[in-house]
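Chain and residue survey
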Amino acid sequence: MDKRVRFDFEVYFTNGGNLKGEDFRLDIMGDDITDRELADYIIEDLRLLMAGKVNILNKQIFSEPHKRKSAKEHSPTERLIELSHTIEEGLITYKGLPAPHICDYLSRKDSQKFYDKGTEFQIGNIEMVTNTGTYIDCPFHRFENGKDTAEIELEKFAELDAVVFRIPYSETLEITDEHFRNREIRNKAILIHTGWDRHWNTETYYENHPYLTESAAEYLKDCQVKLVGIDSHNIDDTAGKSRPVHTILLYAEILIVEHLCNLDKLPDEDITFTAAPPKFKGVGTFPVRAFASVKQTLQK
C-alpha cells in the first residue's frame with residue numbers, strides 16, 4: 001500500500017516573518033520520511049528564500065493511494081553511499097604493515113580538571129601507517145618527485161563523474177583492457193566492483209585477489225581516465241614484485257583508490273565519486289572517506 005504523510009509546518013525567515021501551513025499532505029516513497037526531509041521539501045517545492053528554522057508538527061504516516069500516480073513531475077535528489085571501510089584499533093589492511101593504535105591523548109576524565117563541572121572533552125591519538133583502511137595513492141607513493149597529497153589539485157579527488165564496472169572475482173581475477181571497452185570512460189573515475197570486499201578483514205582477503213593487468217593500465221591511461229578504484233587488496237598482482245599498474249597510472253597522475261567497499265549498492269552510471277585525503281606534505285598515500293553521490297528522482 002502506498003504511504004502518505006500528513007503534517008503541519010512553520011517556516012521562519014532569516015529576514016523576518018514566517019509561513020505556516022496546516023494539514024499538509026504529501027506522497028512519500030517508502031514507509032517513512034524524516035522531519036529534515038520534509039522541511040527541505042517544503043522549502044524547495046514552495047521556492048522559499050531566506051528560510052531559517054523549520055518546525056514540522058503533528059506528523060502522521062498513513063496508508064493511502066498516491067494522488068499523483070500519473071504525474072510526470074519529479075524532484076531530483078542525491079543519495080550518498082559509503083564506500084570506505086571503518087578503521088579501528090588493531091585493523092590489518094596489508095600483511096606486513098602494522099595495525100593502527102588508537103587511544104586517548106587526553107581522556108574525558110583527565111580533561112575535567114581544566115574545565116567547569118559538566119564540561120569535558122576527548123582528544124584522540126592515532127599511530128598508523130598511511131596505507132590503512134580505504135586509502136588513496138598519489139604519484140609520490142611511487143615516484144620521488146611525484147605530487148603528494150598536498151600538491152594534487154582538489155578537483156582530482158572530489159565530485160568526479162564515475163562509472164562502475166562489474167567484474168566478479170568468481171569469473172576472473174585478472175582484469176584486462178578488454179573489460180573496459182565499449183563504455184564512455186574518458187575523464188571519469190573508474191570504479192571496479194569485483195565483490196572481493198566480502199573477504200575484508202579475513203585471511204582470504206590478502207592473497208589471490210583480483211587485480212589489473214599492465215595492458216589494462218595502459219588502456220586506461222590512453223583513455224585519460226581521472227582515477228581508478230577497486231574493492232580488492234591491491235590494484236596490482238601481488239604474487240610478483242613488480243607493480244606495473246601503480247607505475248603506469250601514477251606516472252600519468254591518475255590516482256588510485258584501493259580497499260573500496262559497497263560498490264554493489266551503486267548504479268553503473270549517473271554517479272559522482274569523492275575520496276579526499278588530508279593535505280599532507282611528503283605523503284603519497286592516506287586513508288580517505290570515499291563515497292558516491294547517486295542521482296535519483298523522487299515523486300512529489
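Here goes a summary of the coordinates provided. (Residues numbered from 1 in each chain as written. Predicted model: local features only at pLDDT ≥ 70, side-chain atom pairs only at ≥ 80, totals over all residues. Heavy atoms only, no water.)

Remarks on helix α3 (residues 214-222)
When we look at burial in α3, the residues that qualify are Ala216, Ala217, Tyr219 and Leu220. Seen along its axis, α3 keeps its buried residues to an arc of 160°; they face one direction. Structurally, α3 contributes buried residues whose contacts are with β9 (174-175), β10 (189-193), β11 (211-212), β12 (227-230) and α4 (244-251). (Buried < 20%, exposed > 50% of the residue type's maximum accessible area, 1.4 Å probe, protein only. Helix = DSSP H or I, 4+ residues; strand = E, 2+ residues; numbered from the N terminus. Arc of directions from axis to C-beta. Contact = heavy atoms within 4.5 Å.)

Notes on the pattern of salt bridges
When the charged atoms of two side chains with opposite charge come close together, those side chains can pair. On inspection of all chains with the given rule, the structure shows 20 salt bridges. Note that Glu151 is salt-bridged to Lys281, the shortest N-O span being 3.0 Å. You can see Glu151 sitting in the loop between β7 (135-137) and β8 (160-166) and its partner Lys281 sitting in the loop between β14 (271-274) and β15 (285-287), a full 130 residues away along the chain. The class of Glu151 is partly exposed, set by a relative accessible area of 35%. Residue Lys281 is classed as exposed on the basis of its relative accessible area of 61%. Across the salt bridge formed by Lys156 and Glu153, the nearest N and O atoms sit 3.9 Å from each other. Classification of Lys156 as partly exposed rests on a relative accessible area of 24%. (Salt bridge = Lys/Arg side-chain N within 4 Å of Asp/Glu carboxyl O.)

Observations regarding the pairing of β10
β10 sits mainly inside the fold: 5 of its 5 residues count as buried. Relative to β10, β8 runs parallel, the two sharing 5 bridges. Note on β10: the bridge partner recorded for Arg166 is His193. One ladder, built from 4 bridges, connects β10 with β12; its direction is parallel. Within β12, the residue paired with Leu191 across the bridge is Gly229. (Pairing = 2+ DSSP bridges.)

A look at the environment of His259
With respect to the helices and strands, the residue His259 is situated in the loop between β13 (255-258) and β14. The exposure class assigned to His259 is buried, which follows from its relative accessible area of 0%. A sequence separation of 62 residues divides His259 from Asp197, and the C-alpha atoms of the two residues are 7.2 Å apart. The contact partners of His259, leaving out residues within four places of it in the chain, are His85, Thr93, Gly133, Thr134, Tyr135, Trp200, Tyr205, Ile230, Ser232 and His233. A polar atom in the side chain of His259 sits 2.7 Å from the side chain of Tyr205. (Polar contact = N/O pair within 3.5 Å; in protein donor to acceptor, adjacent residues only side chain to side chain.)

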